[in-house]
Amino acid sequence: MISRAIALAVAGLAAGSAEAQTIVTRSGEHDRFTRLVMRVPDQVNWSVTQNGRMATVNLGSDSAVFDTDRVFDLIPRTRVQNVRQDGPGQPLRIDLGCDCIVEHFQQADGFLVIDVRDGNGDPLPFNLTQSPLPLIFPRGTSAFRFPLQSIDTGRSQVESAVGQALATGTAEQAISLSLSPGLADRVREAEQAEERRAKAEADSLVQKAKEAADAAISIDLADEQRAALVNGTEARLLQQIGRASDQGLIQLEGDTDQSQILDPLGNGERLEGLPNVSVTSAVDRETGLLAMRRKQDREELLCIRNSRVAVYNWKGEGSFDAQIGALRNKLLGEFDKIDKDAVLNLAKTYLHFGFGAEAVSTLHLLPEGKIKPEKRETLIAIAHILDGVPMPVNNVFTGQQSCESDVAFWAALASGSIKSNANTDAIQQSFAKLPPHLRVHLGPRMSTLFAEAGNPHVAKVTLRSVDRTGAETVPDLNLAEAAIADLEGKPEEVAVFLTEEVAERTRNAPTALIDLIDLSVKERRALSPDVPDLTASYELENRETELGRDLRRVEVAALALVGRFDEAFEQFQALDDRDGPGARKSASGALFTLLTENADDLTFLKYGLAFANDATQSEAAELADILSRRLLDLGFHQASSVLLSKAPLDEQNSDRRMMHAEIALRREQPQKALVELMGLKGKQADRLRAQALWLNEEYERAAEYLLESEDQNGAARGFWYSADLEAAEKLDRDAAPFGEVAELTIGIDEAAQAPEGLTPLAEARSLVDSSMSARTDIERLLGQVTRSEEE
């Protein structure tokens, strides 16, 4: 019990520490240059610079650690004297032992290659792409067949001859033959030795091939076995001939059947018995053959193999406590030495049962160098994923979601998102292999990732797989179902799932509460009055974490949603003081939007006017439109102008341009208003143009724009002002009551006409009658004008 308590205590400390990312640096010595190779993580910026006798490799990662322990195992300290790094995240410094030239390039698979060349920079003594030499086979014979009847000497002669034949043509080409068990040893020796330059002409290649064809193999094999052996050798030689032809090194002549030449990028480039050895050449890289290499070859280099992440296979016999107890008893061997195998088995068993921190603590029992860094990093990364520890951008699983193996599943969880090139089939298959308790533990999280990636089908399938386990309690289930409902556009269901998660008071309750408040702001949903107080309590518990920062932000929004604006602005000021301008900006959008939409006029002016004067440009860009609109409606065009002046110019923002026009009209600047309205269409723009023209006393044009905006009564008034009484009278009387004014005006004009051809007494009587009628019409006219103006 004491030892278990100690282990758990160590695990607790280990769980909080972040593991640095190790970049293994490998080396190789060549005739005229020394090569260093390292794999740069995806999406990491890098640079290589040289200053005299020092080269520097900079990576844009704060946690990168270069593993240079084995650099000088294969190279002397001549061109490269020392390789060092001062600390995690620091650049790699390469001390040069000569006036060398440092060249570099990055292959398509992510490997950064650095060549330290001799300072004279002389080119290769031959051109690899010019002057192709003929490859001629004797007439009357098949160009690429080995006569079985001539096989009677040693198999070693064939492998030696073919190996030397295929080595010609390029300084960096390796041979992919597997004719004898001793070949693997010679391959390793060749990797450690200086690569030989091509010194033979193409006729030497032909001669060697012919010697290989005429060589005899005296091995006690059945005819079928000997035939298979020679056919394999023949296939590899044909493959290399096709490769040399594609590179322009040789030219085939004679009656050669081109179909007999095999694919130069085929699987023959892998050594039998050494599946992890890949053969490439510099010519392949320059001619594009390396980039065309088959997908499975690239994956073998980039993807962690299944055995390193097969958590489902790491279960032993017996119950959890029995396995753990037995393995812990094996940790110390003879003379109290740590047993590496027991440590690894115990860590894997912990991972199988979902105990990540305990696995990390167990791995720390092994000192550095006891196991490969890649293996240690892989196990620790799985442990952190199981415990929900946030992973760095660059981790051991980075860039492997497209792999056709189990690592795609762990890469997706480590990334926290499903990438566009992710192999969803491999991810699902790997998830299906997990034991039930891990499917319950990781299933909702994986479902959420697929939902956020816009794939509701796989998200639902993942949850159904969890449901089939029969587990009564599934953590994160409500969050996963909420993510699916959100993807399907069902905000009501999202709110229900999030409310349930908050009510259950699980470890995810604060996260669910944040999502619920954000959803309420987005959908303008009412919140329970006690939600702000609940948010404040969770904020107190998580004050020093990133979660506490988000809780402080949504607390401001929650107070605004329930109408407690004074308290909301107090918390908003405290948020600014505690978390800085970034937190202020993230909370200001929801707060001032809700203030504008829901607050009474006095409360709005109390905080809105202050915001108009104090807002930064970034805040004004987000909120200027909505606040300025209400300020204008309340008659505060000066404050609205100040706020709009802080927002960036946007010719496509028609609402903002029309508000500028309204401000100009309030300031009696009709020409400026007309400039703001140039190119804008719509009823509101026409109404504003009419107002500007009215201020210019262009009543007839104003009336025409009012007609366009379907304001017939205003148009009638404009026509009346412009003395176009007939146009005003023609308008619909119901839609344009002011048209009656035009009719009365016409009647008064007619009544005012002097009668003609009457006797004096009759003329006097007519004048009395017309004056009485005119007086009545004038009274009606004055009443109509007054009423229209009031309306």
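Note: the structure precedes this text.
Residues numbered from 1 in each chain as written. Predicted model: local features only at pLDDT ≥ 70, side-chain atom pairs only at ≥ 80, totals over all residues. Heavy atoms only, no water.

S.K.: Any chance you could explain the overall build of the protein here in plain terms?
M.R.: Helices and strands together make up the secondary structure of the protein, namely 33 helices and 13 strands. The contacts of the protein with a sequence gap of at least 6 include a subset with a gap of at least 24, amounting to 60%. A total accessible area of about 40,800 Å² is found for the protein, and carbon and sulfur atoms account for 49% of it. (Helix = DSSP H or I, 4+ residues; strand = E, 2+ residues; numbered from the N terminus. Contact = heavy atoms within 4.5 Å. Areas by Shrake-Rupley, 256 points an atom, 1.4 Å probe, with all protein chains shown as cover.)

S.K.: How do you make sense of the sheet that holds strand S4 (residues 54-59) when you look at a structure like this?
M.R.: What holds strands together in a sheet is hydrogen bonding between their backbones, with the strands either parallel or antiparallel. The strand order across the open sheet formed by four strands is S3-S4-S7-S6, and the pairing between neighbours is antiparallel. Looking at strand neighbours, the two that pair on one side only are strand S3 (46-51) and strand S6 (80-85), the edges of this open sheet. With direction set aside, neighbouring strand axes in the sheet form an average angle of 15 degrees. (Pairing = 2+ DSSP bridges. Axes fitted to C-alpha atoms, helices over the stretch in contact; angles between N-to-C directions.)

S.K.: Before we go on, may I ask you to explain the sheet that holds strand S2 (residues 33-39) in this structure?
M.R.: Here we have five strands laid out as an open sheet, ordered S5-S1-S2-S9-S8, and mixed in their pairing. This sheet does not close on itself; its edge strands, each paired only once, are strand S5 (64-67) and strand S8 (101-106). The mean inter-strand angle of the sheet, taken between neighbouring strand axes irrespective of direction, is 20 degrees. Here helix H11 (residues 373-387) sits on the sheet in contact with strand S1 (21-29) and S5, set at roughly 160 degrees to S1.

S.K.: Just checking my understanding: could you explain the nonpolar core for this structure?
M.R.: Counting 60 residues, the largest nonpolar core has Ile 382, Phe 397, Phe 409, Trp 410, Ile 427 and Met 446 as the members making the most contacts within it. In contact with Met 446, not counting residues within four places along its chain, are Phe 409, Ala 412, Leu 413, Ile 418, Ile 427 and Thr 462. Core analysis: the second largest hydrophobic core is formed by 57 residues, Leu 498, Ala 509, Phe 611 and Ala 639 among them. (Core = buried A, V, L, I, M, F, W, Y, C linked by side-chain atoms within 4.5 Å. Buried < 20%, exposed > 50% of the residue type's maximum accessible area, 1.4 Å probe, protein only.)

S.K.: What should I look at first to understand the pattern of salt bridges in this one?
M.R.: Side-chain pairing between opposite charges can occur once the charged atoms of the two side chains come close. What the rule picks out here adds up to 30 salt bridges. One salt bridge connects Lys 460 with Glu 488, and the closest N-O pair in it is separated by 2.5 Å. With a gap of 28 residues between them, Lys 460 in helix H15 (residues 456-467) and Glu 488 in the loop between helix H16 (477-487) and helix H17 (491-504) connect regions that are remote in the sequence. Using a relative accessible area of 34% as the deciding quantity, one classes Lys 460 as partly exposed. Notably, a salt bridge pairs Arg 564 with Glu 567, separated by 2.8 Å at the nearest N-O pair. Of the residues examined, Arg 564 reaches a relative accessible area of 24% and is grouped as partly exposed. Relative accessible area serves as the criterion here: at 36%, Glu 567 is assigned to the partly exposed category. Salt bridges here are not isolated pairs; linked through shared partners, they connect Arg 35, Glu 103, Asp 115 and Arg 117. (Salt bridge = Lys/Arg side-chain N within 4 Å of Asp/Glu carboxyl O.)

S.K.: It is not clear to me how H16 should be interpreted in this structure. Could you clarify?
M.R.: In an α-helix, one turn spans 3.6 residues, which is why side chains three or four residues apart end up on the same side. Among the residues of H16, Asn 478, Leu 479, Ala 480, Ala 482, Ala 483, Ile 484 and Ala 485 are the ones counted as buried. Tucked into the core, H16 has its buried residues touching helix H14 (436-452), H15, H17 and helix H18 (509-523). Within two residues after H16, Gly 489 carries a phi angle of roughly 70 degrees, on the positive side.

S.K.: Could you clarify how one ought to interpret the side chain of Asn 395 in this entry?
M.R.: Structurally, Asn 395 is set in the loop between H11 and helix H12 (407-415). Judged by relative accessible area, Asn 395 falls into the buried class, the value being 9%. Here Pro 392 takes part through its backbone oxygen, which lies 2.9 Å from a polar atom of the side chain of Asn 395. Look past the residues within four positions of Asn 395 in its chain and what remains in contact with it is Gln 21 and Ala 414. (Polar contact = N/O pair within 3.5 Å; in protein donor to acceptor, adjacent residues only side chain to side chain.)

S.K.: Got a minute to help me understand the side chain of Asp 115 in this structure?
M.R.: Mapped onto the fold, Asp 115 is located in strand S9 (residues 111-117). Of the residues examined, Asp 115 reaches a relative accessible area of 3% and is grouped as buried. Within polar-contact distance, the side chain of Asp 115 engages the side chain of Arg 35 at 2.7 Å. Setting aside chain neighbours within four positions, we find Asp 115 in contact with Phe 33, Thr 34, Arg 35, Ile 101, Val 102, Glu 103 and Phe 105.

S.K.: Would you explain the state of the cysteines in this entry?
M.R.: Disulfide: a covalent bond formed between the sulfur atoms of two cysteine residues. Applying the stated criterion to the full structure yields two disulfides. Note on cysteine connectivity: Cys 98 is disulfide-linked to Cys 100, with sulfurs 1.5 Å apart. With respect to class, Cys 98 is no different from Cys 100; both count as buried. Residue Cys 303 pairs covalently with Cys 403 via a disulfide, S to S 1.9 Å. With the S-S bond torsion at -85 degrees, the cross-link from Cys 303 to Cys 403 turns out left-handed. On the criterion of sequence distance, the pair formed by Cys 303 in the loop between helix H7 (295-302) and helix H8 (320-329) and Cys 403 in the loop between H11 and H12 is long-range, its members being 100 residues apart. (Disulfide = S-S within 2.5 Å.)

S.K.: I'm lost on the packing of aromatic side chains in this one. Help?
M.R.: The geometry of an aromatic ring pair comes down to the distance between the two centres and the angle between the two planes. Applying the stated rule across the entire model yields eleven aromatic pairs. Consider the rings of Tyr 350 and Phe 355, whose centres lie 6.3 Å apart with planes at 65 degrees: the pair is edge-to-face. Judged by its relative accessible area of 30%, Phe 355 is partly exposed. The interplanar angle of 35 degrees and the centroid separation of 4.1 Å between the aromatic rings of Phe 592 and Phe 611 together place this pair among those described as tilted. Of this pair, Phe 592 sits in helix H22 (residues 581-598) while Phe 611 is found in helix H23 (residues 601-614), placing the two residues 19 residues apart along the sequence. (Phe/Tyr/Trp six-rings, centres within 6.5 Å; stacked < 30°, edge-to-face > 60°.)

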